[in-house]
Amino acid sequence: MKTFAVLQLSGCAGCEVSLLNADAWIRAYRLVYMPLVISAYDMPPVDVLLISGGVRTDEDLYNLHRATRCAGQVVAVGTCAISGGVPSLGDRYEVRDLFLAEEGRRHVPRLLPRCHPIDSAAPVDLYLPGCPPTPELFMAVLARPSDFHASRIICQECGRKKLRDMRPAHLIGFQYGHVLPDICLINQGFLCIGSSTRGGCRAPCPRAGHPCVGCRGPSDALIEGESSAWFDSIQRVFSALTDVPVEEVQKGLRSPQLSLFLFQFSDYSGKGRPPRPKEKVL
Ligand code: SF4
Ligand code: SF4
Ligand code: SF4
């Protein structure tokens, strides 16, 4: 039986909880290391290693190097492992100062100057974006079901209808007011970016009336491009369906709740490193 392990770096454990909600892999794998649920000090050699969380501390870096040395396949799981995600909020100086203001916190693992994606320090074979990836996506990695099929974009999984004659003049806030069923959230004034976000999660957010914030990252058509191509693509959809001023859409796209996910695959652009190939992204 093949083995797999889960290494948790700086994150929130949401990825692990989602993995535990999947169970099809139990018949195909033996889980040998996952500190959240299994007591084990050392990770033995494994066939598949899932890594969640960003590289935020020197301990993360040490554990990452140690674990990837004895893994057959390395999978970067979730926004934090791919681009820093939530732990990268701590890159701001005032957050570091606040953290270090407590004397006791100086004795925990040393913070690196900034949070890093795991592939800046170790080779990655597969990327599984999502915050967290759904249980079905975890099973797609581990159990490889022949009937798994991810749509190109979230809109194809959402099922809400886009209307040409229901054009809001301004955006409304997140989950503000009454949400009409079946009609595209953009027509209702919400900043939903499902049209440029890769499918696979089955669109739980827009189907429930909450705009997609893009945690699955850009679709294949945009994943290897500059982030400006993604902005343009979203803007085109808003221009077709709304009368919301361009500046208003752009401001919303750069808001903290979206920017965490929007730049998930664009953090290499302009830094002399190639983008992650779409063939490696599930
Ligand atoms: S990707 Fe999301 S769910 Fe996973 S560890 Fe990061 S914040 Fe938590
Ligand atoms: S833009 Fe959002 S609400 Fe509209 S169809 Fe796409 S995913 Fe659904
Ligand atoms: S619908 Fe959007 S925000 Fe929700 S899980 Fe899917 S990609 Fe993430």
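This write-up is about the structure you can find in this document. (Residues numbered from 1 in each chain as written. Chains lettered and ligands numbered in written order. Predicted model: local features only at pLDDT ≥ 70, side-chain atom pairs only at ≥ 80, totals over all residues. Heavy atoms only, no water.)

**Examining the site of ligand 3**
Here's step 1: Neighbouring ligand 3 are the residues Ile154, Thr197, Cys201, Ala203, Pro204, Cys205, Pro206, Cys212, Val213, Gly214, Cys215 and Arg216.
Here's step 2: Among the residues making up the shell around ligand 3, the classes are represented as nine nonpolar, two polar and one charged. (Near = heavy atom within 4 Å. Nonpolar A, V, L, I, M, F, W, Y, C, P; charged D, E, K, R; others polar.)

**Examining the layout of surface pockets**
Here's step 1: There is about 340 Å³ of room inside the second largest pocket.
Here's step 2: Broken down by secondary-structure element, the contributors of at least two residues to the lining of the second largest pocket are strand 1 (2-8) and helix 2 (58-68).
Here's step 3: Here the lining of the second largest pocket gets five residues from one element, more than from any other, and that element is helix 2.
Here's step 4: Partitioning the lining of the second largest pocket into residue classes produces nine nonpolar, two polar and three charged. (1 Å grid on protein atoms, 1.4 Å probe; cavity = no way out; pocket = protein on both sides within 12 Å on 5 of 7 lines; lining within 4 Å. Points joined across faces, edges and corners; volume = space filled by probe spheres on them. Helix = DSSP H or I, 4+ residues; strand = E, 2+ residues; numbered from the N terminus.)

**Quick look at a nonpolar patch on the surface**
Here's step 1: Side chains of Leu20, Leu36 and Val37 sit close together on the surface and give an oily, nonpolar patch of about 240 Å² of accessible area.
Here's step 2: Inspection of the secondary structure assignment puts valine 37 in the loop between strand 2 (29-33) and strand 3 (46-52).
Here's step 3: When its relative accessible area of 46% is taken as the criterion, valine 37 is described as partly exposed. (Patch = residues over 30% accessible without salt bridge, like charges linked within 9 Å, V, L, I, M, F, W, Y side chains within 5 Å. Areas by Shrake-Rupley, 256 points an atom, 1.4 Å probe, with all protein chains shown as cover. Salt bridge = Lys/Arg side-chain N within 4 Å of Asp/Glu carboxyl O. Buried < 20%, exposed > 50% of the residue type's maximum accessible area, 1.4 Å probe, protein only.)

**Description of the packing of helix 9 (residues 227-241) against helix 10 (residues 246-253)**
Here's step 1: Closest axis-to-axis distance for the helix 9/helix 10 pair is 11 Å, and the angle between their directions is 130 degrees. Taken together, the axis directions place helix 9 and helix 10 in an arrangement best described as oblique. The crossing of helix 9 and helix 10 is right-handed. Along the contact surface, helix 9 presents Phe231, Ile234, Gln235 and Phe238, while helix 10 presents Val246, Val249, Gln250 and Leu253. (Axes fitted to C-alpha atoms, helices over the stretch in contact; angles between N-to-C directions. Parallel < 35°, antiparallel > 145°, perpendicular 65-115°, else oblique. Left-handed = near helix turned anticlockwise from the far one by under 90°. Contact = heavy atoms within 4.5 Å.)

**Remarks on empty space enclosed by the protein**
Here's step 1: Tallying each qualifying case throughout the model produces three cavities of 30 Å³ or more.
Here's step 2: The volume enclosed by the largest cavity comes to roughly 120 Å³.
Here's step 3: Considering the residues around the largest cavity, the lining is formed by 13 residues, among which Cys155, Cys158, Lys162, Cys184 and Cys192 are closest to the centre.
Here's step 4: Of the residues contributing to the lining of the largest cavity, the split by class is nine nonpolar, two polar and two charged.

**Notes on the sheet that holds strand 2**
Here's step 1: Reading across from one edge, 2-1-3-5-7 is the order of the five strands in this open sheet, with parallel pairing throughout. A strand with exactly one partner marks an edge of an open sheet, and here the two such strands are strand 2 and strand 7 (126-128). With strand direction ignored, the average angle separating the axes of adjacent strands in the sheet is 30 degrees.
Here's step 2: Relative to strand 2, strand 1 runs parallel, the two being bridged by four bridges. Residue pairing in the sheet places alanine 5 in a bridge with tyrosine 33 of strand 2.
Here's step 3: Along the sheet face, helix 2 touches strand 1, strand 3 and strand 5 (71-77) and points at about 160 degrees away from the line of strand 3. (Pairing = 2+ DSSP bridges.)

**Digging into the site of ligand 1**
Here's step 1: Surveying the vicinity of ligand 1 reveals the residues Gly11, Cys12, Gly14, Cys15, Gly78, Thr79, Cys80, Val86, Gly130, Cys131 and Pro132.
Here's step 2: For the shell around ligand 1, the elements supplying multiple residues, two or more each, are helix 1 (14-20) and helix 3 (78-83).
Here's step 3: The element that contributes the greatest number of residues to the shell around ligand 1 is helix 3, accounting for three residues.
Here's step 4: The residue inventory of the shell around ligand 1, partitioned by class, reads six nonpolar, five polar and no charged.

Remember that the coordinates give geometry; whether it matters functionally is a separate question.
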